[in-house]
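# Structural description and commentary
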Amino acid sequence: MEIDMCFQCFNTGQSAQEKGPTHVPKCYEVPSSERPSLSSPEAQIPVVDLAGLRMGPTHRLAVIESIGQACKRFGCYHVVNHGIDQSILDKALGAADEFFHLPADEKLKFMSKDVHKPVRYGTSLKDGVDKIQFWRVFLKHYANPLNDWVQSWPENPPAYRGDMGAYSSKVQKLAVELAGATTESLGLGSKYLSEKMEEGMQVITTNCYPPCPQPRLTLGLPPHSDYSCLTILLQSSPGLEVMDMQDGGSWKLVPYISGALLVHIGDHFEVLSNGLYKSVVHRAVLNSQNTRISIASFHSKGLLEKMEPALELVDANHPKAYKGSSFKDFLDFLSANDVGQGKICFLDTLKIK
Ligand code: OGA
Ligand code: NI
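A few points on the structure. (Residues numbered from 1 in each chain as written. Chains lettered and ligands numbered in written order. Predicted model: local features only at pLDDT ≥ 70, side-chain atom pairs only at ≥ 80, totals over all residues. Heavy atoms only, no water.)

### Side note on the coordination of the nickel ion (ligand 2)
Protein coordination at the nickel ion (ligand 2): the donors are His 224 (NE2), Asp 226 (OD) and His 282 (NE2), at 2.1 Å from the metal. One chain supplies every donor for the nickel ion (ligand 2), spaced along it as H-x1-D-x55-H. (Donors = N, O, S within 2.8 Å, 3.2 Å for Na, K, Ca; no water.)

Here you go:
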């Protein structure tokens, strides 16, 4: 009965979360072994100052070195002096927040369960389809090149296209620069991937995590790694946890640093690096007080372009460890599988045993 009621809320575009219930409905409860403690220690994630990238060879080398270390240690790092003004960050978060405050029928225009759609509003991962539902509302849209996509974004709130567009194009440039630094840190040179990424896919996902009456019972997003090469995340408050593989796979809270952006290594960079860099496993936890907003920008090669391990990193001692795959392959996988239960993930399907 209860589950049917949940499905009904999804059909009307009003998820349980948005109604502000006093209890978490059964279909949002995660198994007890996967529940968050909400007291995870802070992750000691490196903060990389990107000013050095533009300051001449010695400084550049030091920054590249620290990016390489961070990619090996955590698979993620903060960046400061990234070149995106605070006002652009604030306006993007503001536009996202306003969008989620719109009446349900405005948002419903974009509601779809088809993961291949270039603009899509929804809740959870695949609302009403997966066995467990997650406490998240989202809007996803393609963003590169901006002029090809911005017309398909929401017209409301009126500042959405301008403010999110300004952020998107800045973050796209930053991703290309970071891709160059990351391949350089692998000894592949700065052009190895960056040109493909310049013309590649950028998917902006704005996430809204409403306050949750029982935040220990559920999650905003289940443990996952991103399929992308790189993800750049802007958050309004803490709530993201990363799995620390060098500390027994324990969960660590990503500290909130005002003005900083978080860079994730995604599955496709793990593949490119032939496993030298690991895509970071992360999840979103909730709180009972505040709505949390995040904007994740996923960067990869073109929709149909396969990512393969770099030949330069494959030899007799390091055999090719992953098969090639494209963003489209990931979407097909997501469409066909319930990834919310932690039993199956895209990256595992790529590993050559
Ligand atoms: C994602 C994601 C984390 C967050 O959208 O893939 O991991 O903090 N988001 O919202
Ligand atoms: Ni993610």
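### With respect to the nonpolar core
Core analysis: the biggest nonpolar cluster contains 102 residues, and Tyr 77, Phe 100, Tyr 167, Leu 178 and Leu 261 have the highest contact counts within it. Sequence-distant contacts of Tyr 167, defined by excluding residues within four places in its chain, comprise Ile 84, Ile 88, Leu 89, Ala 92, Leu 234, Leu 261 and Ile 295. (Core = buried A, V, L, I, M, F, W, Y, C linked by side-chain atoms within 4.5 Å. Buried < 20%, exposed > 50% of the residue type's maximum accessible area, 1.4 Å probe, protein only. Contact = heavy atoms within 4.5 Å.)

### Brief notes about the side chain of Arg 136
Within the secondary structure, Arg 136 is located in the loop between β3 (119–123) and β4 (137–142). Residue class for Arg 136 comes out buried when judged on its relative accessible area of 4%. Once residues within four sequence positions are removed from consideration, Arg 136 is found in contact with Gln 17, Gly 122, Thr 123, Ser 124, Leu 125, Thr 205, Asn 207, Cys 208, Tyr 209, Gly 220 and Leu 221. (Helix = DSSP H or I, 4+ residues; strand = E, 2+ residues; numbered from the N terminus.)

### A closer look at the site of ligand 1
Contacts to ligand 1 come from Asn 207, Tyr 209, Leu 221, His 224, Asp 226, Leu 233, Leu 240, His 282, Arg 292, Ser 294, Ala 296 and Phe 298. Contacts to ligand 1 include His 224, whose side-chain N or O atom sits 3.1 Å from an oxygen atom. A distance of 3.3 Å separates an oxygen atom of ligand 1 from a polar side-chain atom of Asp 226. Alone, ligand 1 offers 290 Å² of accessible surface; in the complex the protein occludes 96% of this. If you list the elements that add at least two residues to the shell around ligand 1, you get β5 (201–209), β6 (221–224) and β12 (292–300). (Near = heavy atom within 4 Å. Polar contact = N/O pair within 3.5 Å; in protein donor to acceptor, adjacent residues only side chain to side chain. Areas by Shrake-Rupley, 256 points an atom, 1.4 Å probe, with all protein chains shown as cover.)

### Describing the environment of Ala 310
The residue Ala 310 is located in the loop between β12 and α9 (327–336) in this model. Here Ala 310 falls in the buried class, since its relative accessible area comes to 0%. Separated by 10 residues in the primary sequence, Ala 310 and Lys 320 have C-alpha atoms spaced 8.8 Å apart.

### Some words on the packing of helix α3 (residues 86–101) against helix α6 (residues 160–185)
The contact between α3 and α6 brings their axes to 8 Å, and the two run at 135°. Taken together, the axis directions place α3 and α6 in an arrangement best described as oblique. Between α3 and α6 lies a crossing of left-handed hand. Contacts between α3 and α6 involve Ile 88, Leu 89, Lys 91, Ala 92, Ala 95, Ala 96 and Phe 99 on the former and, on the latter, Tyr 160, Asp 163, Met 164, Ala 166, Tyr 167 and Lys 170. Split by residue class, the contact of α3 with α6 holds 10 nonpolar, no polar and 3 charged. (Axes fitted to C-alpha atoms, helices over the stretch in contact; angles between N-to-C directions. Parallel < 35°, antiparallel > 145°, perpendicular 65-115°, else oblique. Left-handed = near helix turned anticlockwise from the far one by under 90°. Nonpolar A, V, L, I, M, F, W, Y, C, P; charged D, E, K, R; others polar.)

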